[in-house]
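The primary structure of each chain is shown beneath.
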Amino acid sequence: MSTARLRRLGVAVMATTVASGGIFLLQPAFSSSDRGGGPLLDAVRQKINDPNADVPSRGVQESTLMGASSANPLDILVVGGGGTGCGVALDAATRGLRVGLVEREDFSSGTSSRSTKLVHGGVRYLEKAFFNLDYGQLKLVFHALEERKQVIDNAPHLCHALPCMTPCFSRFEVLYYWMGLKMYDLVAGPRLLHLSRYYSTQESVELFPTLAKKGNGRNLSGTVVYYDGQMNDSRLNVSLACTAALAGAAVLNHAEVVSLLKDEANGRIIGARIRDNISGKEFDSYAKVVVNAAGPFCDSVRKMVNKAVKPIICPSSGVHIVLPDYYSPEGMGLIVPKTKDGRVVFMLPWLGRTVAGTTDSDTIITPLPEPHEDEIQFILDAISDYLSVKVRRTDVLSAWSGIRPLAMDPSAKNTESISRDHVVGEEYPGLVTITGGKWTTYRSMAEDAVNAAIKSGKLSPGTGCLTQNLRLIGGEGWEPSSFTVLAQQYVRMKKTYGGKVVPGIMDSAAAKHLSHAYGTLAYRVAAIAQDEGLGKRLAHGYPYLEAEVAYCARHEYCESAVDFIARRSRLAFLDTDAARRALPRVIEILALEHSWDMSKQELELQKAKDFLETFKSSKNAQFHDGKHQVLEIK
């Protein structure tokens, strides 16, 4: 970083704050509170927050989709149950439209469960905006910061503000990052989470005990701490699906689009042929508009119309690893803006462990991407330069890879349009495609897609978009202290090996976990733990209870063992070996809930083991360093 670059940043800062009285650039284009909603929004909130409401069963949802005929079609059929797809279903349903959604695997089974877990505005994009004097990039940051606060407000139990520490190794770096992050605060404006600030070397080490004071011939000059958001991504996704279901959408996981239906008279897409991957039966479901929100698989859906279509997805691999909690303190993350090769690496506390990443490399599109050993080692090497403790490969509890569906405008003449922003388009009548973007902006992406669908199908919604001020299921009335009610009012009844049921306390760890995972509906899980003898923990050292398996099967469309260990709970992502140990009991409970026979249970066990093989922990890592042999999960 040169003095010239710092001077350019200073000029950009002054230009941004001074031009137009410092108002035009530093205020978002609109405020969510201006949108109102009135009686219609109140009616939707009442429906979603009804304490006695249950999501319609999977059978009811499938019947609704099957009943959508050519004479009485849905308004919108969404293909893809990730964050964007479920966001589209919720947005459209709350506008009063008839909506269906199908997902080939499970809600959040792809990219949406394999994210960085950050809800962020994009500090790097802000830097690019100033250095390149690119107002388009600056608008992206404005937009992401607006949505960042909205995501946290709409799901307060699943999202929270997280301080992130940036180490500085010279006075120049201190000034550079301090100014840059103050600009980040300034651009956030009324959506600011907390002010950034500088900490001395000693203060920094007190806040982050494993941070190295010296490394690679450099001395730490202090740190700058700023705030972004953090989330439990797949649980946020499942909450979106369930909220959409309560709002009237027919959402169906494990249901695959086999082909698209076309009106031969005018060539318009009018629905889809769907296969229920659980029962094996197929049916047609008609809709005025089909929204393609299949993430990395968007091109596969587009090719159902035209096999020669030009791809719009440029897939990128992002690998993350999970380490024990002692690598990072609770409530403080570490972000290194530039490693030796220019990549950004972070270490963040997440659900009682430390998640570190990420890589950004070309990849192929596959349903179950696996991290390569060199990618895992890159992350370990990168963070070791900033820590005072030895970073060991054997400490990796879980490692996974996700595919970022970077989008390219199909009408562009070159690849320069590849962007982290989203793309909405209708190449074929009746098929609206939404892709690209990031978790933080899922809500506004969904809004754009629904607006495009309304235009395409000449639909008549009862109202405009209501999702800016709409809390997801479990979020309304939730407070950080809500867990104390669970701890005080419920016990955990547990069966011993002899079959005897014995009481146990609802300890703070379990109560906090239930409160954050299920929000105001946590009492339902606690009641199952208390009344049905399902209060035992599924894995030693983790707060997940047997009662959650039953609850998720009954109320969250949990249809398989992988659905639970990977998406309803996060065991697979937190600790692959712990997830493997929990499998027999998870399958036993699901078998009772779904009436599985022994052959089905054995199949579920094998599928789950195969799934866990793609998570490269130290237990099944493909490496040999003279001490460790290649191991496989048995």
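Residues numbered from 1 in each chain as written. Predicted model: local features only at pLDDT ≥ 70, side-chain atom pairs only at ≥ 80, totals over all residues. Heavy atoms only, no water.

- For the protein, the name recorded in an unreviewed UniProt entry is Glycerol-3-phosphate dehydrogenase, with Tripterygium wilfordii as its organism.
- The UniProt entry for the protein carries this comment under Catalytic activity (unreviewed entry): "a quinone + sn-glycerol 3-phosphate = dihydroxyacetone phosphate + a quinol".
- Quoted verbatim from the Cofactor (unreviewed entry) heading of the UniProt record, the comment on the protein is "FAD". (UniProt positions renumbered as here; feature names shortened; annotations may be inferred.)

### Points about the overall build of the protein
Then, number 1: Across its full length, the protein holds 20 helices and 22 strands.
Then, number 2: Within the span of the protein, comprising 634 residues, buried residues form 57% of the whole.
Then, number 3: Here the analysis covers contacts within the protein between residues at least 6 apart in sequence; of these, 72% occur between residues at least 24 apart.
Then, number 4: Put simply, the protein shows about 25800 Å² of open surface, and 53% of that area lies on carbon and sulfur atoms. (Helix = DSSP H or I, 4+ residues; strand = E, 2+ residues; numbered from the N terminus. Buried < 20%, exposed > 50% of the residue type's maximum accessible area, 1.4 Å probe, protein only. Contact = heavy atoms within 4.5 Å. Areas by Shrake-Rupley, 256 points an atom, 1.4 Å probe, with all protein chains shown as cover.)

### Notes on the nonpolar core
It is characteristic of soluble globular proteins that their nonpolar side chains tend to be buried jointly.
Then, number 1: The biggest cluster of nonpolar side chains holds 137 residues, and the ones touching the most others in it are L236, L514, A572 and V586.
Then, number 2: Ranked by residue count, the leading element in this core is helix α19 (residues 576-594), at nine residues.
Then, number 3: Not counting the four nearest positions on each side in its chain, V586 is found in contact with L538, V549, A561, F564 and I565.
Then, number 4: F169, Y199, V225 and V396 belong to the second-largest nonpolar core, a separate cluster that totals 28 residues. (Core = buried A, V, L, I, M, F, W, Y, C linked by side-chain atoms within 4.5 Å.)

### Some remarks on the packing of aromatic side chains
Then, number 1: For the structure shown, the criterion picks out 11 aromatic pairs.
Then, number 2: Aromatic side chains Y326 and Y327 sit 5.1 Å apart centroid to centroid with 25 degrees between the ring planes, which places their arrangement in the stacked category.
Then, number 3: The class of Y327 is buried, set by a relative accessible area of 0%.
Then, number 4: Here the aromatic rings of W439 and Y442 are separated by 5.5 Å at their centres, their planes lie at 75 degrees, and the arrangement is edge-to-face.
Then, number 5: Judged by relative accessible area, W439 falls into the buried class, the value being 12%.
Then, number 6: Pairwise contacts between aromatic rings join W400, F573, F611 and F615 into one cluster.
Then, number 7: Here R197 stacks its cationic end above the ring of Y199, 4.0 Å away from the centre of that ring. (Phe/Tyr/Trp six-rings, centres within 6.5 Å; stacked < 30°, edge-to-face > 60°. Lys NZ or Arg CZ within 6 Å of the ring centre and 35° of its normal.)

### Description of the side chain of N232
Then, number 1: Relative to the helices and strands, N232 resides in the loop between β8 (222-231) and α9 (233-246).
Then, number 2: Apart from residues no more than four positions distant in its own chain, N232 is found in contact with L158, W350, L351 and R570.

### A word on the packing of helix α15 (residues 522-531) against helix α16 (residues 546-555)
Then, number 1: At a minimum axis separation of 9 Å, α15 and α16 run at an interaxial angle of 125 degrees. One element, α15, and the other, α16, form an angle in the oblique class. Along this stretch, α15 crosses α16, giving a crossing that reads as right-handed. Residues R524, V525, I528 and A529 of α15 touch α16, and the partners they reach there are A547, E548, A550, Y551, R554 and H555. (Axes fitted to C-alpha atoms, helices over the stretch in contact; angles between N-to-C directions. Parallel < 35°, antiparallel > 145°, perpendicular 65-115°, else oblique. Left-handed = near helix turned anticlockwise from the far one by under 90°.)

### Things to note about unusual backbone geometry
Then, number 1: Following G357, the chain continues into T358 via a peptide bond in cis, with omega recorded as 5 degrees.
Then, number 2: Tracing the chain through its elements places T358 in the loop between β16 (353-357) and β17 (361-362).
Then, number 3: A positive phi angle, near 70 degrees, is found at S108, a position not held by glycine.
Then, number 4: Structurally, S108 is set in the loop between β2 (99-102) and β3 (118-119).
Then, number 5: The phi angle at L351 is positive, at roughly 50 degrees, despite the residue not being glycine.
Then, number 6: If you trace the backbone, L351 turns up in the loop between β15 (345-350) and β16.

### Re a nonpolar patch on the surface
Then, number 1: Taken together, the side chains of L175, W178 and Y198 define a hydrophobic patch exposed on the protein surface, amounting to about 270 Å² of accessible area.
Then, number 2: Of note, Y198 is situated in strand β5 (residues 197-199).
Then, number 3: Of the residues examined, Y198 reaches a relative accessible area of 34% and is grouped as partly exposed. (Patch = residues over 30% accessible without salt bridge, like charges linked within 9 Å, V, L, I, M, F, W, Y side chains within 5 Å. Salt bridge = Lys/Arg side-chain N within 4 Å of Asp/Glu carboxyl O.)

### Describing helix α5 (residues 123-131)
Then, number 1: Among the residues of α5, those classed as buried are Y125, L126, A129, F130 and F131.
Then, number 2: Directly after α5, the chain includes L133, whose backbone phi takes a positive value near 50 degrees.

### Remarks on the packing of helix α6 (residues 135-154) against helix α12 (residues 442-457)
Geometrically, a packed helix pair is captured by the angle between its two axes and the distance between the axes.
Then, number 1: It is the contact of α6 with α12, at a shortest axis distance of 8 Å, that shows an interaxial angle of 105 degrees. By the angle between their directions, the pair α6 and α12 is classed as roughly perpendicular. The segment α6 lies against α12, with H143, E147, Q150 and V151 engaging Y442, R443 and S444.
Then, number 2: Looking at the contact of α6 with α12 residue by residue, the classes come out as two nonpolar, three polar and two charged. (Nonpolar A, V, L, I, M, F, W, Y, C, P; charged D, E, K, R; others polar.)

### Focus on the pairing of strand β1 (residues 74-79)
Then, number 1: Buried residues dominate β1, accounting for six of its six residues.
Then, number 2: Examined bridge by bridge, β1 and strand β12 (residues 282-292) share five bridges and lie parallel to one another. Pairing of L74 across the sheet is with A287, part of β12.
Then, number 3: Sheet analysis places β1 next to β2, joined by four bridges and oriented parallel. Residue pairing for β2: V79 is matched across the bridge by V102.
Then, number 4: Crossover handedness for the path β1 to helix α4 (residues 83-94) to β2: right-handed. (Pairing = 2+ DSSP bridges. Right-handed = clockwise from strand over helix to strand, strands pointing away.)

### Here we look at the pattern of salt bridges
Then, number 1: Per the stated rule, a full pass over the model turns up 36 salt bridges.
Then, number 2: When the shortest N-O distance is used, the salt bridge between K616 and E370 registers 3.3 Å. On the criterion of sequence distance, the pair formed by K616 in the segment after α20 (598-612) and E370 in the loop between β17 and α11 (373-384) is long-range, its members being 246 residues apart.
Then, number 3: We classify E370 as partly exposed; its relative accessible area is 38%.
Then, number 4: A salt bridge links E373 to R393, with the shortest nitrogen-to-oxygen separation between them at 2.6 Å. Here R393 lies in the loop between α11 and β18 (398-407) and E373 lies in helix α11, a separation of 20 residues in the sequence.
Then, number 5: Given the relative accessible area of 22%, E373 is considered partly exposed.
Then, number 6: Shared partners join several salt bridges into a network, and the residues in it are E256, R273, R275, E282 and D284.

### Some details on the confidence of the model for the protein
Then, number 1: The predicted model of the protein averages 89 in pLDDT, with 90% of residues at 70 or higher.
Then, number 2: Within the model, pLDDT remains below 50 along residues 1-36, and this stretch shows 57 contacts once partners closer than five positions in the same chain are excluded.
Then, number 3: Here residues 413-417 is a poorly scored stretch, pLDDT under 50, and it has six contacts once near neighbours within four places are set aside; other chains count. (pLDDT = per-residue confidence, 0-100.)

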